[in-house]
Amino acid sequence: MGTVTVTIGVGALQERQFEELEVTVDTGSTFTAVPREMLQRLGVRVERSMPSVTADGRIVPVDVAHTTVRLEGLEFPTPVIFAEPGEPSLLGVVTLEEAGLAVDPVGGQLIPTHLLRY
C-alpha cells in the first residue's frame, strides 16, 4: 500500500467558512495536523498546549484546538494540532475514528470501518 491522501475541509467550530486542505492519512498520528497559518486565518484559537512524541522519539510541545472538518460527506468537530511551517498536513486516527473510517490496506483508500475485513 502506498501513501493515501485526501482533501478535507477545515473550519472554525461556530463558523460556516471552510478551506480545503490536502492531507496525508497517517494511522501513526493521533491528531490531525493543520497548518498554523490556515487555522489562524480561520479564527481558530489555541485551546491548550501539550507534549507530543515525534516520529523520531523527541518530545515537543504542540498547540491543540477543536475545528470542524468535512470528510467523505460528513461534517464533525475534531481536535487538531497547529502544524508549523515545513511540517506535513496529516489526517490522524482520532479524526478517522470520529468519521467511522479506516484505511483499506488492500485498496489504499478510506472506507467505512464496518467494511473492513479481518
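Residues numbered from 1 in each chain as written. Predicted model: local features only at pLDDT ≥ 70, side-chain atom pairs only at ≥ 80, totals over all residues. Heavy atoms only, no water.

Participant: Any chance you could explain the overall build of the protein chain here in plain terms?
Facilitator: A tally of regular secondary structure across the protein chain gives two helices and nine strands. Traced from its N-terminal end to its C-terminal end, the protein chain shows the element sequence β-β-β-α-β-β-β-β-α-β-β. For 118 residues, the compact-globule estimate of 2.2 N^0.38 gives 13 Å, and the protein chain sits close to it at 14 Å. If you line up the protein chain on its principal axes, its C-alpha atoms span 40 × 35 × 20 Å. Expressed as a percentage of the 118 residues in the protein chain, the buried residues total 42%. (Helix = DSSP H or I, 4+ residues; strand = E, 2+ residues; numbered from the N terminus. Rg over C-alpha atoms; globule rule 2.2 N^0.38 Å. Buried < 20%, exposed > 50% of the residue type's maximum accessible area, 1.4 Å probe, protein only.)

Participant: Quick question: what am I supposed to make of the environment of Val10 here?
Facilitator: Its place among the elements puts Val10 in strand β1 (residues 5-11). For the pair formed by Val10 and Gln40, sequence separation is 30 residues and the distance between their alpha carbons is 12 Å. In this structure, Val10 is in contact with Gln17, Phe18, Glu19, Leu21, Val34, Met38, Leu39, Leu42, Thr67 and Thr68, ignoring residues within four places of it in sequence. (Contact = heavy atoms within 4.5 Å.)

Participant: Explain unusual backbone geometry here, please?
Facilitator: The backbone phi angle of Glu72 is positive, close to 50°, even though this residue is not glycine. Relative to the elements of secondary structure, Glu72 occurs in the loop between β5 (59-71) and β6 (74-83). Look at Glu72 and you get exposed, because its relative accessible area is 53%.

Participant: When you look at the layout of surface pockets in this model, what are you seeing that I'm missing?
Facilitator: The probe, sized like a water molecule, is rolled over the atoms to show the empty space still left. Here the largest pocket is characterised by a volume of approximately 600 Å³. Around the largest pocket sit 25 residues that line it, and Ser52, Val53, Thr54, Val62 and Ile81 are the ones nearest its centre. Where the lining of the largest pocket is concerned, the elements lending two or more residues are β4 (48-53), β5 and β6. Here the lining of the largest pocket is composed, by residue class, of 14 nonpolar, five polar and six charged. (1 Å grid on protein atoms, 1.4 Å probe; cavity = no way out; pocket = protein on both sides within 12 Å on 5 of 7 lines; lining within 4 Å. Points joined across faces, edges and corners; volume = space filled by probe spheres on them. Nonpolar A, V, L, I, M, F, W, Y, C, P; charged D, E, K, R; others polar.)

Participant: What exactly am I supposed to notice about the side chain of Thr68 here?
Facilitator: Turning to its location among the elements, Thr68 is positioned in strand β5. Look at Thr68 and you get buried, because its relative accessible area is 9%. Other than its neighbours up to four places away in sequence, Thr68 contacts Gly9, Val10, Gly11, Ala12, Leu13, Phe18, Glu75, Phe76 and Pro77.

Participant: Sorry if this is basic, but what is going on with the packing of aromatic side chains here?
Facilitator: For any pair of aromatic rings, the description consists of the separation of the ring centres together with the inter-plane angle of the planes. Throughout the structure, instances matching the rule amount to zero aromatic pairs. For Arg70, the ring lying beneath its charged end belongs to Phe18, and the centroid distance is 3.7 Å. (Phe/Tyr/Trp six-rings, centres within 6.5 Å; stacked < 30°, edge-to-face > 60°. Lys NZ or Arg CZ within 6 Å of the ring centre and 35° of its normal.)

Participant: Would you take a moment to explain the pairing of strand β2 (residues 18-25) for this structure?
Facilitator: Along any regular strand, the residues point their side chains to alternate faces of the sheet. The pairing of β1 with β2 spans seven bridges and is antiparallel. When the sheet's bridge partners are listed, Val6 is paired in β2 with Val23. The hairpin formed by β1 and β2 contains six residues between the paired strands. Taken together, the two bridges between β2 and strand β7 (residues 90-91) define a ladder with parallel strand orientation. What sits directly across from Val25, in β7, is Leu91. (Pairing = 2+ DSSP bridges.)

Participant: Help me understand the nonpolar core in this model?
Facilitator: Side chains that are nonpolar tend, in soluble globular proteins, to be buried together. Counting 25 residues, the largest nonpolar core has Val6, Ile8, Val10, Val25, Leu71, Leu91 and Leu110 as its most contacted members. Of all the secondary structure elements, the ones that give two or more residues to this core are β1, β2, α1 (36-41), β5, β6 and β8 (101-104). (Core = buried A, V, L, I, M, F, W, Y, C linked by side-chain atoms within 4.5 Å.)

Limitation: the analysis is restricted to geometry and does not speak to function.
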